Amino acid sequence: MNVEDKLNALRNLMKERNFSAYIIPTEDFHSSEYVGEYFKAREYMSGFTGSAGTLIVLPDEAALWTDGRYFIQADDQLRDSSVVLMRSGQPGVPTMAEYLSDHLQEKSIIGFDGRTVTERFVQTIAEKTDEKQITFDGREDLVDFIWSDRPPISTEPVRELDAKYTGRSREEKLADVHEKMHAEKADILLLTALDEIAWLTNLRGNDVLHTPVFLAYMLLTMDEVYLFIHEQILSDEIRSKLTRAGITVEPYDAIEQKLHDIATGSKVWIDSGCVNYRLMNSLPDNVEKIDKSSPIVLMKAVKTPQEMKHIRTAHVKDGVAVTRFMHWLKTSVDKEKITEISAAEKLETFREQSEGYLGPSFEPIIAYGVHGAIVHYEPTEQTDVEMKEGSFCLADTGGHYNEGTTDVTRTFALGTVTEEEKRYYTMVLRGHLAFGAAKFVHGICGRNLDVLARGPLWEAGLDYNHGTGHGVGFVLSVHEGPQRIHWRMSENTQIALEEGMVISNEPGIYLEGRFGIRHENLVFCRKGEKNEYGQFMYLEPLTMVPFDRDAILPELMSDRELKWLNDYHSKVYETLSPHFNGEELKWLREATAKIVK
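Residues numbered from 1 in each chain as written. Predicted model: local features only at pLDDT ≥ 70, side-chain atom pairs only at ≥ 80, totals over all residues. Heavy atoms only, no water.

### Some words on the sheet that holds strand β3 (residues 62-66)
Alright, step 1. The mixed open sheet is built from six strands, whose spatial order is β4-β3-β2-β1-β5-β6. Pairing within the sheet leaves two strands with one partner each, and these edge strands are β4 (83-87) and β6 (135-137). Pairs of neighbouring strands in the sheet enclose a mean axial angle of 25°, with direction left out of account.
Alright, step 2. Where strand β1 (residues 21-24) meets strand β5 (residues 109-112), three bridges bridge the pair, whose relative direction is parallel. Residue I23 lies in a different strand from β5, and its bridge partner there is F112.
Alright, step 3. Packing against the sheet, helix α1 (residues 3-17) makes contact with β1, β2 (54-57), β3 and β4, and its axis sits at approximately 60° to β2.
Alright, step 4. Packed on one face of the sheet, helix α4 (residues 96-103) meets β1, β2, β3, β4 and β5 and runs near 0° to β2. (Pairing = 2+ DSSP bridges. Helix = DSSP H or I, 4+ residues; strand = E, 2+ residues; numbered from the N terminus. Axes fitted to C-alpha atoms, helices over the stretch in contact; angles between N-to-C directions. Contact = heavy atoms within 4.5 Å.)

This is the structure in structure tokens:
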């Protein structure tokens, strides 16, 4: 079936149920950013493969909303279908709630799989459509009637993440969470986010590609802890350890009935921005809801000293692999056939040489030439191209190690690039260096620091359509909250940066049809000196990979910026040189040599 056949089949099902609209988001039952194959209903129905997007189908039209990372990709993938692209946040583009309000008649019914949309999302639509008396039906997954060869729900085995890596046992973490519940006067805490459950239990899984989590829910009372999980994924040893920690294992699908049975008057702590619509509607009407972020969000974002120690180790391993890849790519292009896909495979072989390597932390972005302008481009057999001298290769990749999770972007000049390309490269690098050198008082948020990275671009009337930075989990999601670096006002950009948080520093520039440039390091937020003006903070670089000297115009950089770059390269050489020898070591010495005007 092509996209139009699938949409028509869905519309027939909608007509049978008297639905005037049907919503298909990207999420699984846990509001995850990346989802398992079973949950890729939006991709199946629309043909758009990006990791973020929501499809709304009406009887006579369909529209898909996605963010700036995917505008170019979505425009290309939707071109031959009737699905209209809605570029979220752009002038004149309605929100989903506005679109539904404008297109639906009074007393219309909006359908969706209530397990894949959050309560807050539905309430946002309800507020906008209230005057029209719109109602909602979240009982059925209509895509399941159409998708005949749908993959099964993943039930991969889980594994233990030893406390020697985390620095905290699951018993200690549970005690901390119970303290938070007591302070909030909550009788019950409902957890649905997969990374929170994995963090709390010190377990990791393989139910979501590139994110080592497992499908589960948790329900905590002050006296009992329940883990709702596909029981076959637990070994007898892990089950025994969970029992000793006071955790009772229940079937994955038993969560709704457990919520139905909550006692009258109980105070239930939930996050309506994460908990799905169906679970929220499983709660009895006579319970009191405490609607706020889970306490685990901030707890797991602030890494323990033990985690910080191991994360540094992971980045040394990753730095060796990516730097070795950089040397290979720059010295081998035009001497052997290298495509985007074969380059990604080569980088993976370098990472696999490291002890404790677990796999990629996201699908690798190896983008040559014009593909670099697609922010989250992923090469496929249809788009794969051979790389030649005379353009940029943007490589945004990452890995999971026993010691931590990495995410690094470097833009490599293959052969000689133009002065204009070097100017853009240097401009983005200046913003990256300014952000990395930030010194600030405690209490500063991501929104306050964003201008440092964008400043050189804004001066030239340029910008990039994505955030400057995100958090990163500990052998968990490569995109982790609550902190975020962006000038736009949001809850996450107003989170104070705390010591132990990992954040990315990744400004870029993307010229459609020409090239893209992005520079990304991960950094630790650290405490500096404390004086009468407060506690000062700074950023410790974690990523150890050279920037490409062949694309830098030193004359465009200030002495201060050159010092930042030279100091960083000196640190890279000091850290990585013990792992190299021979020709590679000679090349590394040259790649990190001091740059002068």
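### Observations concerning the pairing of strand β25 (residues 508-511)
Alright, step 1. Burial along β25 is two-sided: the face carrying G508 and Y510 and the face carrying I509 and L511 are both buried.
Alright, step 2. In textbook terms, the turn of a hairpin is the stretch between consecutive antiparallel strands, and for β25 and strand β26 (residues 515-518) this stretch comprises three residues, one of which, G513, has a positive phi near 80°. (Buried < 20%, exposed > 50% of the residue type's maximum accessible area, 1.4 Å probe, protein only.)

### Focus: the pattern of salt bridges
Alright, step 1. Counting across every chain of the model gives 41 salt bridges.
Alright, step 2. Where K241 meets E237, a salt bridge forms, and the shortest distance between an N and an O atom there is 3.5 Å. Of this pair, K241 and E237 both sit in helix α10 (residues 236-244), four residues apart, which is roughly one turn of that helix.
Alright, step 3. According to the relative accessible area criterion, E237 is exposed, its value standing at 55%. (Salt bridge = Lys/Arg side-chain N within 4 Å of Asp/Glu carboxyl O.)

### What to know about the packing of aromatic side chains
Alright, step 1. Using the criterion set out here, one finds 17 aromatic pairs in the structure.
Alright, step 2. Where F48 meets Y70, the ring centres are 5.8 Å apart and the plane angle is 80°; that geometry is what we call edge-to-face. One end of the pair, F48, is in the loop between α2 (41-46) and β2; the other, Y70, is in the loop between β3 and α3 (71-77), with 22 residues separating them in the sequence. Here F48 matches Y70 in class, with each residue buried.
Alright, step 3. Residues F325 and W328 carry aromatic rings whose centres are separated by 5.8 Å and whose planes lie at 35° to one another, so their mutual orientation is tilted. Highlighted residues: F325 and W328, both in helix α14 (residues 305-332), separated by three residues, approximately one helical turn.
Alright, step 4. Taking relative accessible area as the criterion, F325 reaches 1% and is therefore assigned buried.
Alright, step 5. One aromatic cluster is present, built from ring pairs that chain together F392, Y424, Y425 and F515.
Alright, step 6. Directly above the aromatic system of F536 lies the positively charged group of K439, at a separation of 5.6 Å from the ring centroid.
Alright, step 7. Taking the ring centre of Y464 as reference, the NZ or CZ of R454 above it sits at 3.9 Å. (Phe/Tyr/Trp six-rings, centres within 6.5 Å; stacked < 30°, edge-to-face > 60°. Lys NZ or Arg CZ within 6 Å of the ring centre and 35° of its normal.)

### Considerations on a nonpolar patch on the surface
Alright, step 1. A surface patch of nonpolar side chains, about 330 Å² in accessible area, is lined by V451, L452, W458 and W487.
Alright, step 2. Tracing the sequence through the fold places W487 in the loop between β23 (480-485) and β24 (502-505).
Alright, step 3. The class of W487 is partly exposed, set by a relative accessible area of 34%. (Patch = residues over 30% accessible without salt bridge, like charges linked within 9 Å, V, L, I, M, F, W, Y side chains within 5 Å. Areas by Shrake-Rupley, 256 points an atom, 1.4 Å probe, with all protein chains shown as cover.)

### As for the nonpolar core
Alright, step 1. With 76 residues, the main nonpolar core has F325, L329, M387 and F440 as its most contacted residues.
Alright, step 2. Ignoring anything within four residues of it in the chain, the contact list for M387 reads L329, V333, D334, I338, T339, E340, A343, I366, Y368, C393 and L414.
Alright, step 3. Membership of the second largest hydrophobic core comes to 59 residues, among which are M181, I247, Y252 and I290. (Core = buried A, V, L, I, M, F, W, Y, C linked by side-chain atoms within 4.5 Å.)

### What to know about unusual backbone geometry
Working note: non-glycine residues mostly have negative phi, and peptide bonds are mostly trans.
Alright, step 1. A cis amide bond, omega 10°, links G481 with the succeeding residue P482.
Alright, step 2. Note on placement: P482 falls in strand β23.

### Concerning helix α5 (residues 119-129)
Alright, step 1. For α5, the set of buried residues is E119, V122, I125, A126 and T129. Buried residues in α5, looked at end-on, bunch into an arc of 130°, giving them a common side. (Arc of directions from axis to C-beta.)

### A short note on the side chain of T409
Alright, step 1. Following the sequence through the fold, T409 ends up in strand β20 (residues 408-414).
Alright, step 2. Only 2.6 Å separates the side chain of T409 from the side chain of E520, close enough to count as a polar contact.
Alright, step 3. Leaving out residues up to four positions away in the same chain, T409 has contacts with L394, A395, D396, R518, H519 and E520. (Polar contact = N/O pair within 3.5 Å; in protein donor to acceptor, adjacent residues only side chain to side chain.)

### What to know about the packing of helix α16 (residues 419-436) against helix α18 (residues 559-576)
Alright, step 1. In the contact formed by α16 and α18, the axes pass within 10 Å of each other and the chain directions differ by 75°. Put simply, α16 runs roughly perpendicular to α18. Residue-level contacts link L429, R430, L433 and A434 of α16 to E561, W564 and L565 of α18.
Alright, step 2. Class assignment for the residues of the contact of α16 with α18 results in five nonpolar, no polar and two charged. (Parallel < 35°, antiparallel > 145°, perpendicular 65-115°, else oblique. Nonpolar A, V, L, I, M, F, W, Y, C, P; charged D, E, K, R; others polar.)

### What about helix α19 (residues 582-591)?
Alright, step 1. Within α19, burial applies to L585, W587, L588 and A591. Take α19 and look down its axis: the buried residues cluster within an arc of 160°, on one side only. Those residues of α19 that are exposed and angled more than 90 degrees off the buried face are G582 and E583.
Alright, step 2. Those residues of α19 that are buried are in contact with α14 and α18.

### Regarding the environment of V225
Alright, step 1. Looking at the element boundaries, V225 is found in strand β11 (residues 225-229).
Alright, step 2. Sequence separation between V225 and V249 is 24 residues; the distance between their C-alpha atoms is 8.7 Å.
Alright, step 3. The residues touching V225, leaving out its near neighbours within four places in the chain, are L174, H178, M218, L219, L220, G246, I247 and T248.

### Looking at the packing of helix α8 (residues 170-184) against helix α9 (residues 194-201)
Alright, step 1. Here α8 crosses α9 at 120°, and the two axes come no closer than 7 Å. Relative to α9, the element α8 lies oblique. Of the residues in α9, those touching α8 at R170, K173, L174 and V177 are W199, L200 and T201.
Alright, step 2. For the contact of α8 with α9, a count of residues per class yields four nonpolar, one polar and two charged.

### A short note on the pairing of β26
Alright, step 1. Side-chain alternation along β26 places F515 and I517 on one buried face and G516 and R518 on a second face that is also buried.
Alright, step 2. Across four bridges, β25 lies against β26 in antiparallel orientation. Bridge pairing in β26 places Y510 opposite G516.

### Thoughts on the sheet that holds strand β17 (residues 391-397)
Alright, step 1. The strand order β16-β17-β20 describes an open sheet built from three strands, whose pairing is antiparallel. On the outer flanks of this sheet lie β16 (365-368) and β20, each paired with one strand and no other. Geometrically, the sheet is characterised by an average inter-axis angle of 15° between neighbouring strands, direction not taken into account.
Alright, step 2. As defined by bridge partners, β16 adjoins β17 across four bridges and the pair is classed as antiparallel. When the bridges of β17 are listed, I365 appears paired with D396.

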